[in-house]
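Per-entry structural report
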Amino acid sequence: MCQDASRDPLPNPSRQVLRDWRVRLGWRPSGGVAGIIPIESRGASRPRMRQATKQHLSPKELGKAVGVSESTLKRWADEGEIRVYRTAGGHRRIDLSEAVRFIRKTGMPVREPRLLGLSALDGPFDPVNYPADAAKLMRAALEEGDTSRFRAMLVSTYLAGRSVAEVCDGPIAEAMHAIGEFWQHRNDGILIEHRATDTCIAALNQLRSLLVRPDPGAPRAIGGAFSNDPYLVPSLMAATVLSSEGWDATNLGPETPVDVLVGAVEQLDVRLVWLSVSVERKSVHLHEDLNDLADRLQHRSDVSIAVGGRVLPQPLKIRRPNLQEVRSMTELVAFTRGLRAKA
Ligand code: B12
């Protein structure tokens, strides 16, 4: 059954496989779900120490973590279900990102997260029954500035088979939008929104580090926000979403002038430029920048520009063949899958 499951060509685990695995392994929701975060010493008397996240695992470690024997794991490796490499001494090793891919594909719950260099997610968060209260619990973690918990929630949701785009458009955006109201009626509102931004960045970067590295021939994407736009999270989300789709994505972040974007396209042989627009400017300035960028990239018929953002005028008043409006991370995925299908 396991081997059939892991041959499933679909990127996400089927519900049935997940259920079967839960029954087989006697998993209980309260048993802890993995969130890939660096192990932190949590004991009251111990200092809080942060260790590097494990980058590779032995078959024994991964087997124990997901509740199968080392020999089963080795067999799966030998059958090509999970990619391994060999150390100089001939021992099998598995990249953490490959372990994550495998866990997502098979839908196996992680029983011993600490063996993967993860910490268990305690408390009532069930990434499988998402989105029942994911938004509420993620919002609480963001509001409290509980970075460890938020990272664990985000990663466990991803491990349970959710797409990065759906989590970004759903619970994270909802939580940040709700937190955005605080400054109007709470003295600590601005503190909370700054802290929540930092927490989101930490969690998204953590997730990015777990994604399978792009193939050497993967198409490149770069993006950010124009000058005078300080918003960090939306562009980082776009980079994470594109990475999860197999793009080699570089986030240039906020305050990126058109010149820099154009230079990067040439230097890095880019196929896609994304832009996030979060600050209301006179629409004439936004249109000037977009026109300028579209003009300067016009000679590159293989380069597309995808523009989105909370305050992007709707509809956008300019129409250019190389410019595409994308209103959400989910739309970005659809658009870029189309691009890759055409290439
Ligand atoms: C954090 C924050 C800040 C931080 C930003 C820190 C940083 N460096 O990133 C700081 C402190 C700088 C800040 C400042 C201000 N802020 Co502010 N801020 C926010 C807050 C809480 C979160 C922003 C965020 O990260 N959201 C999360 C992202 C993921 O959501 P999103 O942008 O909607 O993105 C989604 C989609 O739009 C889309 N998308 C976005 N970009 C792209 C790009 C592509 C390519 C694609 C495909 C999709 C896409 O996908 C995302 C996921 O679904 C928002 C609340 C909100 N509603 O977002 C307020 C908010 C934007 N701020 C607001 C205000 C008023 C201000 C200030 C004027 C005063 C203040 N509160 O401090 C200043 C002005 C700053 C400026 N220069 O203009 C208002 C704006 C109101 C309005 N009229 O538009 C908001 C809405 C809060 C509110 N409800 O009042 N802010």
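Reference entry: report on the structure contained in this document. (Residues numbered from 1 in each chain as written. Predicted model: local features only at pLDDT ≥ 70, side-chain atom pairs only at ≥ 80, totals over all residues. Heavy atoms only, no water.)

If you tally the helices and strands in the chain, you get 13 helices and ten strands. With 343 residues in all, the chain has 50% of them scored as buried. Carbon together with sulfur atoms contributes 50% to the accessible area of the chain, which is approximately 16500 Å² in total. (Helix = DSSP H or I, 4+ residues; strand = E, 2+ residues; numbered from the N terminus. Buried < 20%, exposed > 50% of the residue type's maximum accessible area, 1.4 Å probe, protein only. Areas by Shrake-Rupley, 256 points an atom, 1.4 Å probe, with all protein chains shown as cover.)

By size, the foremost hydrophobic cluster in this structure holds 63 residues, and its most contacted members are Leu62 and Ile172. In terms of nonpolar packing, the next biggest core, distinct from the first, is built from 24 residues, Val277, Leu286, Leu297 and Leu312 among them. (Core = buried A, V, L, I, M, F, W, Y, C linked by side-chain atoms within 4.5 Å.)

A word on the site of the ligand. Taken together, 33 residues lie near the ligand, and Asp169, His177, Tyr231, Leu232 and Ser276 sit nearest. Interatomic distance of 2.6 Å between a side-chain N/O atom of Asp169 and an oxygen atom of the ligand. Between Gln184 and the ligand, the recorded distance is 3.4 Å, taken from a side-chain N or O atom to an oxygen atom. For the ligand, the cavity whose grid points lie within 2 Å of the majority of its atoms is the largest pocket. Residue contributions to the shell around the ligand peak at five residues, all from helix α8 (residues 164-179). Counted by class, the shell around the ligand contains 18 nonpolar, nine polar and six charged residues. Domain assignment of the residues forming the shell around the ligand places at least three in each of domain 2 (144-210) and domain 3 (220-342). (Near = heavy atom within 4 Å. Polar contact = N/O pair within 3.5 Å; in protein donor to acceptor, adjacent residues only side chain to side chain. 1 Å grid on protein atoms, 1.4 Å probe; cavity = no way out; pocket = protein on both sides within 12 Å on 5 of 7 lines; lining within 4 Å. Sits in = over half its atoms within 2 Å of the grid points. Nonpolar A, V, L, I, M, F, W, Y, C, P; charged D, E, K, R; others polar. Domains from an automatic or database assignment.)

Another point: the pattern of salt bridges. One pass over the structure, following the stated rule, counts 22 salt bridges. Close ionic contact of Arg186 with Asp188 constitutes a salt bridge, the shortest N to O distance being 3.0 Å. Under the relative-accessibility criterion, Arg186 is labelled partly exposed at 30%. Note that Asp295 and Arg320 form a salt bridge whose closest N and O atoms lie 2.6 Å from each other. Of the two residues, Asp295 sits in helix α12 (residues 283-297) while Arg320 sits in the loop between β9 (304-308) and β10 (323-325), which places them 25 residues apart along the sequence. When salt bridges with common partners are traced through the structure, they connect Glu266, Asp269, Arg271, Arg300 and Asp302 into a single cluster. (Salt bridge = Lys/Arg side-chain N within 4 Å of Asp/Glu carboxyl O.)

Attention shifts here to the sheet that holds strand β7 (residues 248-253). In spatial order, the strands read β7-β6-β8-β9-β10; together these five strands make up an open sheet with parallel pairing. Looking along the sheet, the strands with just one partner apiece sit at the ends: β7 and β10. Each strand of the sheet is rotated relative to its neighbour by a mean of 20 degrees, with strand direction disregarded. When β9 meets β10, the two strands line up parallel, connected through three bridges. Note that in β10 the partner of Ala306 across the bridge is Gln324. (Pairing = 2+ DSSP bridges. Axes fitted to C-alpha atoms, helices over the stretch in contact; angles between N-to-C directions.)

Here we come to the side chain of Ser97. As for its position among the elements, Ser97 is in helix α5 (residues 96-106). Exposure remark for Ser97: the relative accessible area of 11% places this residue in the buried category. Those residues in contact with Ser97 that sit more than four places away from it in its chain are Leu210, Leu211 and Val212. (Contact = heavy atoms within 4.5 Å.)

Time to look at the coordination of the cobalt atom of the ligand. Of the protein atoms, Tyr231 (OH) alone serves as a donor to the cobalt atom of the ligand, at 2.4 Å. By the element assignment, Tyr231 lies in the loop between β6 (220-224) and α10 (233-244). (Donors = N, O, S within 2.8 Å, 3.2 Å for Na, K, Ca; no water.)

Attention now goes to the environment of Glu144. With respect to the secondary-structure elements, Glu144 resides in helix α6 (residues 134-144). In the structure, Glu144 is positioned 55 residues away from Thr199 in sequence and 9.9 Å away in space, judged by C-alpha atoms.

With 16 residues, α8 extends 21 Å between its outermost C-alpha atoms, agreeing within 8% with the 22 Å of an ideal straight helix rising 1.5 Å per residue. Along α8, the helix axis deviates most sharply at Ala173, where the bend reaches about 35 degrees. Of all the residues in α8, the buried ones are Val164, Ala165, Val167, Cys168, Gly170, Pro171, Ile172, Ala173, Ala175, Met176 and Ile179. (Expected span 1.5 Å × (residues − 1). Bend = angle between axes of the 7 residues up to and from the residue.)

Applying the stated criterion to the full structure yields one aromatic pair. When the centroid spacing of 5.5 Å and the interplanar angle of 50 degrees are considered together, the rings of Trp76 and Phe102 count as tilted. Of this pair, Trp76 sits in helix α4 (residues 70-78) while Phe102 sits in helix α5, and the two are 26 residues apart along the sequence. Looking at Trp76, the relative accessible area reads 1%, which means it is buried. With a relative accessible area of 2%, Phe102 lands in the buried category. In this arrangement the basic side chain of Arg104 is found over the ring face of Tyr158, its NZ or CZ atom lying 3.8 Å from the centre. (Phe/Tyr/Trp six-rings, centres within 6.5 Å; stacked < 30°, edge-to-face > 60°. Lys NZ or Arg CZ within 6 Å of the ring centre and 35° of its normal.)

For the rest of this paragraph, the subject is the packing of α8 against helix α9 (residues 189-210). α9 packs onto α8 with a crossing angle of 170 degrees between their chain directions and a minimal axis gap of 10 Å. Taken together, α8 and α9 sit at an angle that is classed as roughly antiparallel. α9 is crossed by α8, and the crossing has right-handed handedness. Mapping the contact onto sequence places Val164, Cys168, Ile172, Met176 and Ile179 in α8 and Ile192, Glu193, Ala196, Thr197, Cys200, Leu204 and Leu207 in α9. By residue class, the composition of the contact of α8 with α9 is ten nonpolar, one polar and one charged. (Parallel < 35°, antiparallel > 145°, perpendicular 65-115°, else oblique. Left-handed = near helix turned anticlockwise from the far one by under 90°.)

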